[in-house]
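# Secondary and tertiary structure notes
The lines below spell out each chain.
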Amino acid sequence: MQRTNIYLDDRQVQLLDQLACQEKVSRAEVVRRLLDRGLAGMDSSLDADLDAIDLSYGSLVDVEYSPRGDDDRQAHLDQMWQVSA
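Residues numbered from 1 in each chain as written. Predicted model: local features only at pLDDT ≥ 70, side-chain atom pairs only at ≥ 80, totals over all residues. Heavy atoms only, no water.

The next point concerns the pattern of salt bridges. Applying the stated criterion across every chain yields a total of four salt bridges. A salt bridge links R33 to E23; the nearest nitrogen and oxygen atoms lie 2.8 Å apart. Residue R33 is located in helix α2 (residues 27-40), and its partner E23 is located in helix α1 (residues 10-23); the two are separated by 10 residues in the primary sequence. R33 sits in the partly exposed class, given a relative accessible area of 30%. R32 serves as the salt-bridge partner of E29, at 3.0 Å between the closest nitrogen and oxygen. Of this pair, E29 and R32 are both found in helix α2, three residues apart, which corresponds to roughly one turn of the helix. On the accessibility criterion, E29 (24% relative accessible area) is partly exposed. Here R32 falls in the partly exposed class, since its relative accessible area comes to 32%. (Salt bridge = Lys/Arg side-chain N within 4 Å of Asp/Glu carboxyl O. Helix = DSSP H or I, 4+ residues; strand = E, 2+ residues; numbered from the N terminus. Buried < 20%, exposed > 50% of the residue type's maximum accessible area, 1.4 Å probe, protein only.)

Let us look at the packing of α1 against α2. One way to put it is that α1 packs onto α2 with a least axis distance of 8 Å and a crossing angle of 95°. Taken together, the axes of α1 and α2 are roughly perpendicular relative to one another. Where α1 approaches α2, its residues V13, L16, D17, L19, A20 and E23 are matched on the opposing element by R27, V30, V31, R33, L34 and R37. Per-class residue counts for the contact of α1 with α2 are seven nonpolar, no polar and five charged. (Axes fitted to C-alpha atoms, helices over the stretch in contact; angles between N-to-C directions. Parallel < 35°, antiparallel > 145°, perpendicular 65-115°, else oblique. Contact = heavy atoms within 4.5 Å. Nonpolar A, V, L, I, M, F, W, Y, C, P; charged D, E, K, R; others polar.)

The subject of this paragraph is the layout of surface pockets. Of the volumes computed, that of the largest pocket is approximately 410 Å³. Taken together, 13 residues line the largest pocket, and the ones lying closest to its centre are T4, N5, A28, V31 and R32. When residues of the lining of the largest pocket are assigned to their parent elements, the largest contribution, five residues, is made by α2. A per-class count over the lining of the largest pocket returns seven nonpolar, three polar and three charged. (1 Å grid on protein atoms, 1.4 Å probe; cavity = no way out; pocket = protein on both sides within 12 Å on 5 of 7 lines; lining within 4 Å. Points joined across faces, edges and corners; volume = space filled by probe spheres on them.)

A cluster of nonpolar side chains, namely L46, L50 and I53, defines an oily patch on the protein surface of about 300 Å² accessible area. With respect to the helices and strands, the residue L50 is situated in helix α3 (residues 46-56). Classification of L50 by relative accessible area gives partly exposed; the value is 40%. (Patch = residues over 30% accessible without salt bridge, like charges linked within 9 Å, V, L, I, M, F, W, Y side chains within 5 Å. Areas by Shrake-Rupley, 256 points an atom, 1.4 Å probe, with all protein chains shown as cover.)

So, in structure tokens, the structure goes:
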């Protein structure tokens, strides 16, 4: 294991300490666990990107939309943001 120093703001330290207390582990252990979780999800391969696209396909099938012209773009985007929020 290697020692690494990082700078955290007061809020980050407070939240880390709260997590450490809840999980009954050290602040360093919380940081290691968070890093492990964050790094485990990293995959820059094309296959992972294509899988994410495939999984999201059809996720808005229940959203009703009206036909629009070129000048209706902003209204359409506003409507889509309201539906997905």
